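Chain and residue survey
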Amino acid sequence: MPPKRRNSELKNGGSSRGGKHQHTATDDSFNELLQPVYKGKQLSDEINTAEDKWNLLPAFLKVKGLVKQHLDSFNYFVDVDLKKIIKANEKVLSDVDPDFYIKYLDIRVGEASPAARNNMLPPHECRLRDMTYSAPIYVDVEYTRGRKIIMHKGLEIGKMPIMLRSNKCILDGASEAKMASLNECPLDPGGYFIVNGTEKVILIQEQLSKNRIIVEADEKKQIVQASVTSSTHERKSKTYVVTKNDKIYLKHNSISEEVPIVIVLKAAGIISDLEIMQLVCGDDAAYQDSFAINFEECAKVGIYTQQQALEFIGAKVKTMRRAKLSILQEGIEAIATTVIAHLTVNDLDFREKALYIALMTRRVVMAMHNPKMVDDRDYVGNKRLELAGQLMSLLFEDLFKKFNTDFKANIDKILRKPNRATEFDALLNINIHSNNITTGLNRAISTGNWSLKRFKMERAGVTHVLSRLSYISALGMMTRISSQFEKSRKVSGPRALQPSQFGMLCTSDTPEGEACGLVKNLALMTHITTDDEEEPIKKLCYLIGVEEISVIDSASLHDNFGVYLNGTIIGTTRFPTKFVSLFRNLRRTGKVSEFISIYINSHQKAVHIATDGGRICRPLIIIENGESKVKAHHLLKLKQGKLQFDDFLKQGLVEYLDVNEENDCYIALYERDITEKATHLEIEPFTVLGAVAGLIPYPHHNQSPRNTYQCAMGKQAIGAIAYNQFHRIDTLLYLMVYPQQPMVKSKTIELIDYDKLPAGQNATVAVMSYSGYDIEDALVLNKSSIDRGFGRCQVLRKNTTVLKRYPNHTKDIIAGMRVKDNGEPTFQHASLGPDGLAEVGTRVESGQVYINKSIPTNAADSIMNQDTGEYRETPVVYKAPEPSYIDQVMMTTSDNDQELIKVLLRQTRRPELGDKFSSRHGQKGVCGIIVQQEDLPFNDDGISPDIIMNPHGFPSRMTVGKMLELVSGKAGVLNGSLEYGTCFGGSDLEDMSKILMDKGFNYSGKDMLYSGITGECLQAYIFFGPIYYQKLKHMVLDKMHARARGPRAVLTRQPTEGRSRDGGLRLGEMERDCVIAYGASQLLLERLMISSDAFDVDICNKCGLMGYNGWCTSCKNAENVIRMQIPYAAKLLFQELLSMNIAPRLKLGDVF
Amino acid sequence: MVDNIVHIEQDRVTNTVSNDYPDTSISNAFRRIMISEVPSVAAEQVYIFNNTSVIQDEVLAHRIGLIPLKIDPDLLNWVDNSVDESDKFTDANTVVMTLDVSCTKNPNAPKNSTDPKELYRNSSIYARDLKFEPQGNQLENFKNPIEPADPDILLAKLRPGQEISLRIHCVLGIGSDHAKFSPVSTASYRLLPTIDIIEPIRGDDAKKFQKCFPTGVIGINNGEAFVKDSRRDTVSREVLRHEEFNGKVKLGRKRNHFIFNVESTGAMSPEEIFFKSVRILKNKAEYLRNCPIGR
């Protein structure tokens, strides 16, 4: 059931419908929809299916939202997966007392009893107070105390970090007014955690699908292999069927060497060679020929019975078991549990597993004959996306298991003691460890290290701090997918754009450089599935005509199409097309979950059904009889709010397709493309792009790398971050003073509310060269525009101070301010108030104190002699080239009653020389010169540009979209309308030119300008109009650095490195080479020694060692001691050599 | 120098025609001086006593600075920056204004109202809330009331419990120092467009020809197009796109006919600004003539 979403301002959301979760009428922005005119559209407007079907997209986003994958996944984990985990680890037994047991009955997060909701701290308070936004985990248990069985409900076993806006979050379904009262931004997507005050995102992880056969081939080594990664709750293992010298073997990590496949099949109970042949090759003679050799291998070893085969395998198993098993038992164990571990064996019936191995072998044989039968690892259909919920569930199960073993050990320890006075109550012991789960979850999320004991898995960098540079960067992070591939490997395959990514993953949004193509982003309409039950689907298949696998004889297995459920064969069907269409009809009528996919793979003669989680899918309009099922009256109802997206699903007008099923369909892009063959219709073509790439106007006119560059840069743009931006105290926050929504918008911009939290300004741009300070993409800025507030931004920086308490009952204090004789505060303490903290609104300059903290001198002493009460001043001093103002001061306590002071410092900056700007087309540039308004060119109306951009930026970049943006923007300005630059659509250039013409401008957007300097007309017509410019976070003020003398490193006495340490500017190797080549030896000496780490040493010319004070310690005289300068680093080297018994002796002689 | 002032729209915009003047540079000099060198008065120092609104001190100060004030610059002297900070501002060179507002709940607000203007008092602070505080004998010296040129400039929005209390010092300055001191929103000129019909254009073509220009530029007389008022043309060059007018028309500009457009911010009338620019240019010329190097 979709939780209520705040995104209801999207065009046409539903009014309250039936069902448990009704959309609250209080949803404020929803009221906007009821206005007669909304975003230029009227409710009574005529509906045109071809154009208005895009309204399904906002409807989809209203239900699904941009970060719905994360929320769905977390909700699934909390509501379903937790219960499964409890079920799997239900009982804790004691080794000592056989009567004792404790059984988990139920688990809940948040509410102690199903009735009342627990009052959690609001998320924003957690952010401010450096706490974790979490809810308690309660379990219901049943256990024995003496002879009695006791039920206990609502036992807290730890705290679970809660994903914001998930169904356990207090923001779930909150109205805008509620959000405001909680200091939350209604536009914030949620989907992240707050751990110790920092916002953490668990990125979507991309993996090869589990429990599926993947066939690969190495052409060079002539190897074909089929592999399957089995993943269950207990273990993860990989089984291979490989070729080696044309023979086929089975390979597994816990079997020491490769086992001939025929032996494995015999061990699995298929003893007859004929049956093996039938299962693997069917009646294909070519397959039979090439497979026959494997029987020889088996016969050579002399294995003919199942027992022999099992013993053969059993002997090769690497065991780590404590209890010793016989070789035969080992063999049985290996086949039953280790090989293809995701198939469970009941009552030693290996048939299913044997079939699976046989089919793997068949795939290998097929690939040996036809190289095209090899699978593509990079194909998106073979990938699964792992989300926060799955990762949390892995972690929780691990912690829960540890919790139980600790608990058991504890119980055993007590039960072992004889003659207890009172009856043993297990619950009294459970709370001791309850911290483990809490800290385990918190630590994993805050460090990003996922270490799972049972899989021996150690994964670092799973979580990231949510980037709050701009609204877009936060949003972009929520849709980001990171790949498990190593970045260093030089294969291009995984990085390349896959055709199957169409509509699923954004084609533009990927970083440049190292992680290019490995980090991806979701497209606008993607959904990621969660796990679904297999059993009902299996039953359903048998009901609609699938022959059960257990009743099919081996000879006829390959005569018909096999039906595979999540990669495992469950039967065969004679009429695959009929079966598939029947199944699809059931799905469209809502009889099975809409996220279950079914498709035919005719090469493999197989019908695949997938119910597993992590598949990427997207909605498409169904076409029947060459006609789109979505009709005008549906869209009208959608607009009126009578229908919701889910209703479209239920009525079978729209369905979700995953990548594999998409491959089985014929999808028309537009209504005009519909042919007889077409099965589906695209909802909106611009959904191939993601949220970040959707900001670009006219992206389909740009050279593709430019769009990619813009995706990286859009995240660095300074703008509005959230509605609660002034309440936030972040480490670093960039805000724009006067952000504007772009003149040229796109539908995506409206959908993701970029127009409400914009990052940029519409600058009037003249494309011309001016002054020579505009080479290499530099921009010319108008000083008057800057005076009036163009590009003005604020930088807010946080400083946190903790007031510590010490074991001897002393603690840090904040002292007051120091005053001069006349009562005025001293310069250092000028901004302090009487409480020792800077006053809000005051200015702090470099060298001034803003937190006057003192720490006790005797913190280490014992409690006894702490009477002195002496304190040492450790003030927090402001150090920066430019002064700041105190924006906020917050005093609070964090988790463990630690006093916490946060001071937010604010700088307001106007653009200056060297600040970086960029348009939305990957065209970045720094400010090269700031020019007085009267010097700038002006047009007939007296308008002078805000920015002058050099035309050389265009030919090589080929950003035609930017030119179209200018023309559309100019038309919009003159017309008083906002124009659209939506991908594959947007305002038409012809129309825009027409508007320009009607308003008395040239149709091409070129105006005649007058030079501001000479007053004459310019020789050329100038392309002149508004372009949306972003100010990027890279500002000169944060980078400028120079040093004459300054700090030095302790060890080498050389100047320190880096701006943050006031470091020196290095004369590096290459520069050194130049000086050498030039022959300026004295300069070299000065740069490398005198200005760096010159050091006076006394060297004994006799023994060649160093002495001191004119005395040679080894020769015991001062006769031959010579004083000279060497680099301190050299002196250090000599001493280090001496310490390892090497005596470097210096022989001195005159050079001249 | 100036032949005629053609018309004044409201009291802001003037179209001044400077006819047949020999050189562009002179006209351009007027334009440049009007933008950057004609002095006007704007808030320079903002002393904030209390500001509990959401808008930051710097931003508020910046906004106040940009308000055009109706103060005759001739009545003020220049601030001498060499003088000590405490004596720098006198009644002869500084106008003091104050802003003291606090927002309260409106007890008489209608029940279901959601409009902040009804719910609260002083929810929006406008330029008109700035109050002149006469110093010395300023009351006698300034004949006209001292107030912002436009009372409806929004400065900040408040909610109950928030207040702003500040004092501003307004001084003389010039546009090249900061745009707020510029007395004009824009001052510019354009050259008079010329349209030469080389070959007569008749019939439907004439109508089409007429449509290529803004209304009133081309008239049709007996089916033949003629140039009625080329001054109204914006020179969109639309005619040149059409094949049929190829070679029949020539668009141009009169190089010595400048149509000035001076848009005052409100402190002075556009004519005044223009004449001041003339005086400043004259003084500059005077200075150059008397300059020892010039001799």
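Refer to the structure presented above.
On a predicted model such as this, the values are computed, not experimentally measured, just so you know. (Residues numbered from 1 in each chain as written. Chains lettered and ligands numbered in written order. Predicted model: local features only at pLDDT ≥ 70, side-chain atom pairs only at ≥ 80, totals over all residues. Heavy atoms only, no water.)

Our focus in this paragraph is the nonpolar core. Residues and elements named next belong to chain A. M160, F396 and W450 are the most contacted members of the largest nonpolar core, which has 134 residues in total. Considering every element that reaches this core, the biggest residue donor is helix α13 (residues 388-416), with 12 residues. Ignoring sequence-local partners within four residues, the contact set of W450 consists of I202, L391, M392, L395, A444, I445, M457, E458, R459, V462 and T463. Counting 58 residues, the second-largest nonpolar core is a separate cluster that includes A268, I276, I552 and A606. (Core = buried A, V, L, I, M, F, W, Y, C linked by side-chain atoms within 4.5 Å. Buried < 20%, exposed > 50% of the residue type's maximum accessible area, 1.4 Å probe, protein only. Helix = DSSP H or I, 4+ residues; strand = E, 2+ residues; numbered from the N terminus. Contact = heavy atoms within 4.5 Å.)

A few words now on the interface of chain A and chain B. Across the contact, 40 residues belong to chain A and 33 residues belong to chain B. Roughly 3100 Å² is buried in total at the junction of chain A and chain B, and carbon and sulfur atoms are behind 45% of that figure. On the chain A side of the interface with chain B, the three residues burying the most area are R788, E934 and D940 of chain A, jointly 18% of the side's total. At the junction of chain A and chain B, the tally comes to four salt bridges. Between D940 of chain A and R253 of chain B there is a salt bridge; the shortest N-O distance is 2.9 Å. Listed by contribution, the elements that provide at least two residues to the side of chain A that touches chain B are α24 (783-787), β43 (884-893) and β44 (899-909) of chain A. Residue composition of the side of chain A that touches chain B, grouped by class: 13 nonpolar, 14 polar and 13 charged. (Buried area = accessible area lost by both parts, 1.4 Å probe. Salt bridge = Lys/Arg side-chain N within 4 Å of Asp/Glu carboxyl O. Nonpolar A, V, L, I, M, F, W, Y, C, P; charged D, E, K, R; others polar.)

This part takes up the sheet that holds strand β14 (residues 259-260) of chain A. Residues and elements named next belong to chain A. Taken together, five strands build an open sheet; the order of strands is β10-β11-β12-β13-β14 and the sheet is antiparallel. Edge positions in the open sheet fall to β10 (213-218) and β14, since each of these has one partner strand only. Taken together, the two bridges between strand β13 (residues 247-252) and β14 define a ladder with antiparallel strand orientation. From the neighbouring strand, L250 faces β14, where its bridge partner is V259. (Pairing = 2+ DSSP bridges.)

Before going further, it helps to examine the side chain of E206 of chain A. Residue and element names in this part refer to chain A. Tracing the backbone shows E206 in strand β9 (residues 204-208). Among the polar contacts made by the side chain of E206, one reaches the side chain of K520 at a distance of 2.6 Å. Discounting residues that sit within four places of it in the chain, E206 has contacts with K383, R384, L385, I481, S482, S483, Q484 and K520. (Polar contact = N/O pair within 3.5 Å; in protein donor to acceptor, adjacent residues only side chain to side chain.)

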